[in-house]
Amino acid sequence: CFGGEKTVTAHGADAALVGTDVNTLVDVDGRHFGTEMWTAGNKPGGGSVEYRWMNPVTKQVEPKVSFVQKAGTDICGVGAYTPDRGDVVGARIVIK
């Protein structure tokens, strides 16, 4: 999750990221995915961001998609690695 100060407030795979400025989150290709997540999460209904990140299970950099949206004053999300696809065109999440 990202808090109102644009910092990571929770991270399920890497607690060391807590306190990190979202603007400093950059993938191996130079994509500023933290800033993109912040922007997507502030849209009505949230959004998704695709990037490449270290998979903590395989220890390999793999394509990943994260779905983010507002949760109170924070922006929270969930992500999935997509090594077989390379992309997730057409992916959609519905939260009821």
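For the structure, see preceding data.
It should be emphasised that the depicted structure is a prediction, and the values quoted were computed from it without experimental measurement.

Scanning the protein chain from terminus to terminus reveals one helix and three strands. Of all 96 residues assigned to the protein chain, the portion counted as buried reaches 29%. Long-range pairs, those at least 24 residues apart, make up 29% of the contacts in the protein chain between residues at least 6 apart in sequence. Approximately 5,900 Å² of the protein chain is accessible, and the part contributed by carbon and sulfur atoms is 54%.

Read across the open sheet, the three strands follow the order β1-β2-β3; overall the sheet is antiparallel. Each end of this open sheet is capped by a strand with a single partner; those strands are β1 (47-54) and β3 (74-81). Taken pair by pair, the neighbouring strands of this sheet meet at an average axis angle of 30°, ignoring direction. Across eight bridges, strand β2 (residues 61-71) lies against β3 in antiparallel orientation. Bridge pairing in β3 links Lys-70 to Ile-75. Across the sheet, helix α1 (residues 33-41) touches β1, β2 and β3, and the angle it forms with β1 is around 160°.

Turning next to the pattern of salt bridges. Pairs can form between side chains of opposite charge once their charged atoms are near each other. Taken as a whole and assessed by the stated rule, the structure comprises two salt bridges. Here Arg-52 ties to Asp-29 by a salt bridge, and the two come within 2.7 Å at their closest N and O atoms. Of this pair, Arg-52 sits in strand β1 while Asp-29 sits in the segment before α1; the two residues are 23 residues apart in sequence, bridging distant segments of the chain. A residue is classified by how much of its surface remains accessible, and Arg-52, at 33% relative accessible area, is partly exposed. Judged by its relative accessible area of 52%, Asp-29 falls in the exposed class. Arg-31 is the partner of Glu-36 in a salt bridge, and the nearest nitrogen-oxygen pair spans 2.8 Å. Residue classification places Glu-36 among the partly exposed positions, given a relative accessible area of 28%.

Another aspect to go through is the pairing of β1. Two elements, β1 and β2, share eight bridges in a ladder whose sense is antiparallel. The residue bridging Gly-47 from the neighbouring strand is Val-68, located in β2. The hairpin formed by β1 and β2 contains six residues between the paired strands, and Lys-59 there has a positive phi angle of roughly 65°.

A separate point is the environment of Gly-46. With respect to the helices, strands and loops of the structure, Gly-46 is situated in the loop between α1 and β1. On a C-alpha basis, the gap between Gly-46 and Ala-71 in space is 10.0 Å, while along the polypeptide they are 25 residues apart. Excluding its chain neighbours within four sequence positions, the residues that come into contact with Gly-46 are Ala-40, Gly-41, Val-68 and Gln-69.

Among the structural elements, Glu-62 can be located in strand β2. Lys-64 is the oppositely charged side chain nearest to the buried, salt-bridge-free Glu-62, at an N-O distance of 9.4 Å.

Rules of the game
Residues numbered from 1 in each chain as written. Predicted model: local features only at pLDDT ≥ 70, side-chain atom pairs only at ≥ 80, totals over all residues. Heavy atoms only, no water. Helix = DSSP H or I, 4+ residues; strand = E, 2+ residues; numbered from the N terminus. Buried < 20%, exposed > 50% of the residue type's maximum accessible area, 1.4 Å probe, protein only. Contact = heavy atoms within 4.5 Å. Areas by Shrake-Rupley, 256 points an atom, 1.4 Å probe, with all protein chains shown as cover. Pairing = 2+ DSSP bridges. Axes fitted to C-alpha atoms, helices over the stretch in contact; angles between N-to-C directions. Salt bridge = Lys/Arg side-chain N within 4 Å of Asp/Glu carboxyl O. Lys, Arg positive; Asp, Glu negative; His and termini not counted.

Any functional reading would require information that these geometric values do not contain.
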